[in-house]
Structures are given as C-alpha cells and as structure tokens.
Amino acid sequence: MYSFLTTENWADYELVDSGNFEKLERFGQYYVARPEPQAIWDKHLPEQEWQRMANAVFTRDKGSQEKGQWKLKKGMPEQWFIDYKYNELKLRFRLGLSSFKHVGLFPEQDSNWKFIYNTTRSLKTPQPKVLNMFAYTGAATLAAKAAGADVTHLDSIKQVNFWARDNMEASNLDNVRWIVEDAMKYARREVKRGNKYNGIILDPPSYGRGPNGEKWQLEDELNEMIKLCREMLDGTDYFLLINLYSMGFSALVLDNLMRETFGEMVKNEELGELYLLDGGKRKLPLGTFFRFTSIKK
C-alpha cells in the first residue's frame, strides 16, 4: 500500500507557509523561517507577512548549502520547549537554533512516532527491545520508551545524545540506553553477538561521519545496513521502520531493498511519503518511508 502521510492535530506545530525555497513554521509561540530546497513554488503569503511573523530567520553563509546564521527578533530565545500529545503519549521537546538551520526536531515524523507507539504497545513481548539508530534528539526513542520498550538510542554525536537525554527528562521518562557510536560498526557487532531486537528504527542521513571519522554515504552503505537489520530483527514479534530524506531517492528503492532482504517477514507493510500541508494547502514532501510489522492492524 502506497501512502501519503502528514502531521495532524499537533497544537504546538504548524507549517504556516512555504515557497521560493523557504518554509515558515510555528513551534509553540515562535515562528521560524528557514531554507527548504523542495519548496520550488511561490509563497502563498506576501513577503511582508513573513517578515512580520518570523521571530527567527536563517540565512546561509556564502558558499555553503547548510551552514549559516540566525537573525533573531527581540524576545526570541535560542532555546525553548514545545509539547507533543497523542492519546496517552505525552512528550516534551527542547528546541534550539543550530548553525545548520535545524531546530532539533523533524515534525513530519509525527505519523511515524504514532506508528512506533501503537506498534510497540501491541507487541506480544512484555518489554520489547527496540533499537533506534541515527536517533538524533530522540523523538522516536521516546515514543517507543513511553510504550514500554527497552530502548537503545544510538547516534554518532555526543552532544546530540545529551540533547535527547534532555528531551527524555522533560518528558518524565528514564532508563534509555545511550550509545555514541558509528551505526554500521555497532550493527556488525550486534550481529556477531547474536543480539535481537523486536523493533528497529532507522532514519539515516544522506551523508555523515561517525565519532572517529567513519564515513557514511547512503547509497554505498544502505544495502549492507538493511542486511544487518535483517540479522538483528526478531523473527516472530517485530516491527521495522526506515525513513529517508534524500532528494532523488525513490520510495521504490526502499520497496526493493525491504522485500528482497526481509522476504516473508514483510507483513502489514506501508510504503510512501511524508509531507507537511502548509496554509496555502500545498503539500511539502519531506521524505520516503517503509514500515512493516508482525502485528495485524
């Protein structure tokens, strides 16, 4: 089944507008304007409205595609908190303005957090083991933890793990296993140890570096990583979720990789795209995903 999924019913988040390679978002009470390469259409709101609303505006440095500077209006903090609620799930996230345009959260992942929470709660294993690799600031980690999982959170950047720990504490959760490690090295070791997980979550970047300079290039490494996940995933009570944000990377790539590697384990699967709907009713694409589970819907 091919699905287009969007973020819904989140009081503390809104994609206000997008266009001309930018997006204007509301996180809690603050409005943030930053680059968005997929928004090639015109803005819905006039430029003066963006200027009036935006509390923080990101501008790229000359010669850089990612790094840049934030210009803040008076009263705009560099860090603040927002809330996230879904049924019994209640999380709290610390946001911050990074020099790479990010704020510490990818709101388009809302539907994946709901999937993680619901599926983890439905697993038969009393305290299912969940591995979150390339875990960033831990929203998916916390969704699994709140559902009762024994969670291993792995990211190659120590400061990002500290940020995720702050989110855990703000959400009144505890007992997450934190690992600063290169994802490929860790997965290879886990396979050798024979360790198994009931849930595996992957949100790999197009390009990255491990803590010791290990190189990650998505198109070169993804096939092996998926095979390692097959070895780590429990064969009877399980789910797997992978999300990719890479322009030009078709969802069919994920479909081929998953079906070829996992075979008959691919059950109750969903393949598709994540998007955000702006105030002008335009759909901003923000990644492809594939997820499957042994749990019937």
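Residues numbered from 1 in each chain as written. Predicted model: local features only at pLDDT ≥ 70, side-chain atom pairs only at ≥ 80, totals over all residues. Heavy atoms only, no water.

**A word on the sheet that holds strand β12 (residues 199-202)**
Okay, step 1: The eight strands are arranged β1-β16-β17-β15-β12-β9-β10-β11 in an open sheet whose pairing can be described as mixed. What marks the edges here is a single partner per strand, and that holds for β1 (2-6) and β11 (177-180). Going from strand to strand, the sheet's axes swing by 20 degrees on average, the running direction of each strand aside.
Okay, step 2: Here strand β10 (residues 150-155) runs beside β11; their pairing, made up of four bridges, is parallel. Opposite H153, over in β11, you have W178 as the bridge partner. (Pairing = 2+ DSSP bridges. Helix = DSSP H or I, 4+ residues; strand = E, 2+ residues; numbered from the N terminus. Axes fitted to C-alpha atoms, helices over the stretch in contact; angles between N-to-C directions.)

**Let's talk about helix α3 (residues 139-146)**
Okay, step 1: Among the eight residues that make up α3, seven are buried, leaving the element largely enclosed by the rest of the structure.
Okay, step 2: Looking at the buried residues of α3, the elements they touch are β8 (89-96), α2 (110-122), β9 (129-133), β10, α4 (158-170) and β12.
Okay, step 3: Positive phi shows up at G148, right after α3, with a value of about 105 degrees. (Buried < 20%, exposed > 50% of the residue type's maximum accessible area, 1.4 Å probe, protein only. Contact = heavy atoms within 4.5 Å.)

**Describing unusual backbone geometry**
Most peptide bonds are trans, and most residues other than glycine sit at a negative phi.
Okay, step 1: Its identity as a non-glycine residue notwithstanding, N87 has a phi of 50 degrees, on the positive side.
Okay, step 2: With respect to the secondary-structure elements, N87 resides in the loop between β7 (79-86) and β8.
Okay, step 3: Classification of N87 by relative accessible area gives exposed; the value is 56%.
Okay, step 4: Even without a glycine there, the phi angle at K101 is positive, about 75 degrees.
Okay, step 5: Relative to the assigned elements, K101 resides in the loop between β8 and α2.

**Some remarks on the pattern of salt bridges**
Okay, step 1: All chains considered together, the criterion is met by 18 salt bridges.
Okay, step 2: In this structure, E269 engages R259 in a salt bridge whose closest nitrogen and oxygen atoms are separated by 3.2 Å. Within this pair, whereas E269 is found in the loop between α7 (251-262) and β16 (270-277), its partner R259 is found in helix α7, the two being separated by ten residues in sequence.
Okay, step 3: Sharing partners across several salt bridges, the network here consists of D17, D278 and R282. (Salt bridge = Lys/Arg side-chain N within 4 Å of Asp/Glu carboxyl O.)

**Concerning the packing of aromatic side chains**
Okay, step 1: Inspection of the entire model under this criterion finds 16 aromatic pairs.
Okay, step 2: Ring centres of W10 and Y84 lie 4.9 Å apart, and the angle between their planes is 85 degrees; on these two criteria the pair is classed as edge-to-face. Placement of W10 in the loop between β1 and β2 (13-19) and of Y84 in strand β7 is noted, with a sequence separation of 74 residues between them.
Okay, step 3: Take W10: its relative accessible area is 8%, and that puts it in the buried class.
Okay, step 4: Relative to W70, the ring of F58 has its centre 5.2 Å away and its plane inclined at 70 degrees; by these criteria the two rings are edge-to-face. With a gap of twelve residues between them, F58 in strand β5 (residues 56-60) and W70 in strand β6 (residues 68-72) connect regions that are remote in the sequence.
Okay, step 5: Given the relative accessible area of 17%, W70 is considered buried.
Okay, step 6: Above the plane of the ring of W50 lies K43, whose end atom (NZ or CZ) is 3.8 Å from the centre.
Okay, step 7: For K129, the ring lying beneath its charged end belongs to Y197, and the centroid distance is 5.0 Å. (Phe/Tyr/Trp six-rings, centres within 6.5 Å; stacked < 30°, edge-to-face > 60°. Lys NZ or Arg CZ within 6 Å of the ring centre and 35° of its normal.)

**Points about the packing of α2 against α3**
If you want to describe how two helices pack, look at the angle between their axes and the distance between the axes.
Okay, step 1: For the pair α2 and α3, interaxial distance at closest approach is 8 Å and the crossing angle is 25 degrees. Here α3 runs roughly parallel to α2, going by the angle between their axes. Both α2 and α3 take part in a crossing whose hand is right-handed. Each of W113, I116, Y117 and T120 in α2 lies in contact with α3, whose residues at this interface are A139, A140, A143, A144 and A146.
Okay, step 2: Within the contact of α2 with α3, the residues separate by chemical class into eight nonpolar, one polar and no charged. (Parallel < 35°, antiparallel > 145°, perpendicular 65-115°, else oblique. Left-handed = near helix turned anticlockwise from the far one by under 90°. Nonpolar A, V, L, I, M, F, W, Y, C, P; charged D, E, K, R; others polar.)

**Observations concerning the nonpolar core**
Okay, step 1: Counting residues in hydrophobic clusters, the biggest one holds 47 residues, and the most contacted among them are W80, F93, W113 and I116.
Okay, step 2: Sort the elements by how many residues they give to this core and α3 lands first, with five residues.
Okay, step 3: Setting aside its immediate chain neighbours within four residues, W113 contacts W10, Y84, F93, L105, F106, P107, A139, A140 and A143.
Okay, step 4: Counting 35 residues, the second largest nonpolar core, distinct from the first, contains M133, A183, Y186 and L244. (Core = buried A, V, L, I, M, F, W, Y, C linked by side-chain atoms within 4.5 Å.)

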